Every structure is written in C-alpha cells, then in structure tokens.
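Understanding the architecture of this molecule
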Amino acid sequence: RAQRPERDRRNALRRIDSSEALDAVRGQAGHAKGRAGTVDCTRFRRGGGEKNRRRRGWLLLGLGNSCGGGGAPGHRKRRGERERGGGGGGMTDFGLASAGAEVIFTTCNDENHPGTNIVDGNDKSFWVTTGLFPQQFIIQFRDQVTFAKLKTVTTNVRKISFEKCTEMSPTSFEKFYEVELASPQGGRIQQETHPVKELSARFLRVTLGSGWDDFASVHRISVEP
C-alpha cells in the first residue's frame, strides 16, 4: 500500500508521455496528403525506466535521443526558434526563460520534471504535480511586463487561476483570472488561449485548484502583449 501513490504517479507520467507522442505523430502525418499515421503507445510503456521509455518515444518520432538535452540538430533549432518567438510571427512571450522569466517557487518538485520546464520553451517537457490539490508556482519576469493574453499548455488540469504582483518582491498578489478547463479526452494535452484585460506584473502566481486526474502537468504558460 505504501508504494501505491508512487505507482500511480508513474502511471500518470506514462499517460502524459504517450499522449504527447501520439499527438505529435498524428500532427506530422497530417502534413502528408493521403497518408495516415498511427503509433502503438505500448512501445512507450515497456520496461527499462523512464529515461529509456522517453528515448524510445523520441526515436519513434525520428528526433533522435533527446533525453538529457540531446536530439537531432533540426529539433534543437526548432526549439530555439520557439524560445525566441521565431517561426514567422515574432510574437513576444514574456513567459520564456530566453525573455528573462524564471520559476522561483513551486509547491512540489519532481527532480525529473522540475518547475524550470515551464519556461524552457519546449512543450515536450513539463512540471508535474506530485498528488493532491491545490498546487502553485510563481514566475518572475525580467522586468515589469504588460500583457493582455495568456496561453496554457497543460494536462489533466481542471481549475486554474492567475494572480499578479507588481511589487519588487512577491509579497502581495491580486487574482485577475480563473477558469475551469474542459476534461481532456484520453489524457490529451490541453492548449487554451485566455484573453485578459491589459495588465502589468513583475510576478505571476498560478494555482492549480483541481485536476481531472490525481496528477497534472504544466508544459508552458505563455504571457503575451
């Protein structure tokens, strides 16, 4: 019985990894007219530990071994473009480490999925809760920023709220937005855009009030003008 929570957490991580890989393969297949792409997600659940499982997943996607920051040069270039807001639109994202954003606090920590993953610009990495709700994290921006749009990339999050702080230290927060996300089908990634009135902040506190599963993940919080 003592091992059950840890077993449940590992199973949740497997579901997150498998749903990401399935979405990615289907997205690649959609670019090829007349082709149908499928993937056997059981290939991501075989033994050998999480590192080997993720390595097999990336190999299946044709991206090489990205565990530990590797991967094919093309993949690293695309990731760099995402971090700089490249790829055509040039939209500023204050929520990226490349823009000076930093996760300075989390209520829980998994050494394999730390809070820094939220701001790394890679939607394949994530911060994961370790059971129970609510859970929180705080993002500090390089300077005070003005924004009017939030984008969230999550898994199994149900209620999420946002608070801002304009002081020099994160001591006083004001809630400005709260929403309940729809239940993800089959544990798929939730990608949502949240327009808000124009606001300024030095710190952003995000609270996961509840989840659609015992464990939830946050892949990215985009903060845009």
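Everything numeric here is computed off the predicted structure, so don't read it as measured data. (Residues numbered from 1 in each chain as written. Predicted model: local features only at pLDDT ≥ 70, side-chain atom pairs only at ≥ 80, totals over all residues. Heavy atoms only, no water.)

Here we look at the packing of aromatic side chains
Following the criterion strictly, the structure yields four aromatic pairs and no others. Ring geometry for W127 and F137: centres 5.3 Å apart, planes at 70 degrees, overall edge-to-face. Placement of the pair is W127 in strand β2 (residues 127-128) and F137 in strand β3 (residues 135-155), with a sequence separation of ten residues. For the residue pair W127 and F137, the accessibility class agrees, reading buried in each case. Ring centres of F162 and F176 lie 6.4 Å apart, and the angle between their planes is 35 degrees; this geometry places the pair in the tilted category. In this pair, F162 sits in strand β4 (residues 157-165) while F176 sits in strand β5 (residues 174-180), placing the two residues 14 residues apart along the sequence. This pair shows no difference in class: F162 is buried, exactly as F176 is. Among the aromatic side chains, those forming a connected cluster through ring pairs are F147, F162, F176 and Y177. Seen from the ring of W212, R158 lies directly overhead, with NZ or CZ sitting 4.1 Å from the centre. (Phe/Tyr/Trp six-rings, centres within 6.5 Å; stacked < 30°, edge-to-face > 60°. Helix = DSSP H or I, 4+ residues; strand = E, 2+ residues; numbered from the N terminus. Buried < 20%, exposed > 50% of the residue type's maximum accessible area, 1.4 Å probe, protein only. Lys NZ or Arg CZ within 6 Å of the ring centre and 35° of its normal.)

Side note on the nonpolar core
Formed by 28 residues in total, the largest nonpolar core has its most connected members in I118, F137, I139, F147, L204 and I221. If we skip the residues at most four places from it in the chain, F147 touches F176, V196, K197, E198, L199, S200, A201, V223, E224 and P225. (Core = buried A, V, L, I, M, F, W, Y, C linked by side-chain atoms within 4.5 Å. Contact = heavy atoms within 4.5 Å.)

Let's talk about the environment of T171
With respect to the element layout, T171 can be found in the loop between β4 and β5. On the accessibility criterion, T171 (58% relative accessible area) is exposed. Sequence separation between T171 and F203 is 32 residues; the distance between their C-alpha atoms is 9.7 Å.

Notes on the pattern of salt bridges
Inspection of every chain in the model, using the stated rule, returns seven salt bridges. We note a salt bridge from D123 to R220, for which the minimum N-O separation is 2.9 Å. Of the two residues, D123 sits in the loop between β1 (102-106) and β2 while R220 sits in strand β7 (residues 217-224), which places them 97 residues apart along the sequence. Overall, the relative accessible area of 26% leaves D123 in the partly exposed class. R220 gets classed as buried once you look at its relative accessible area, which sits at 9%. (Salt bridge = Lys/Arg side-chain N within 4 Å of Asp/Glu carboxyl O.)

Observations regarding the confidence of the model for the protein
Overall, the prediction assigns the protein a mean pLDDT of 76, with 62% of residues at 70 or greater. Scored below 50 in pLDDT, residues 24-48 makes 29 contacts in the model with residues more than four places away or belonging to other chains. Note on residues 50-88: pLDDT under 50 across the span, and 59 contacts to partners over four residues away in sequence or across chains. (pLDDT = per-residue confidence, 0-100.)

Focus: unusual backbone geometry
Each neighbour pair has its own omega, and for F133 with P134 the value is 5 degrees, a cis peptide bond. When you line up the elements, P134 lands in the loop between β2 and β3. Here L132, not a glycine, exhibits a phi torsion of approximately 70 degrees, which is positive. With respect to the helices, strands and loops of the structure, L132 is situated in the loop between β2 and β3. The residue N156 is not glycine, and still its phi comes out positive at about 65 degrees. Within the secondary structure layout, N156 lies in the loop between β3 and β4. Taking the relative accessible area as the measure of exposure, N156 reaches 8% and is therefore buried.

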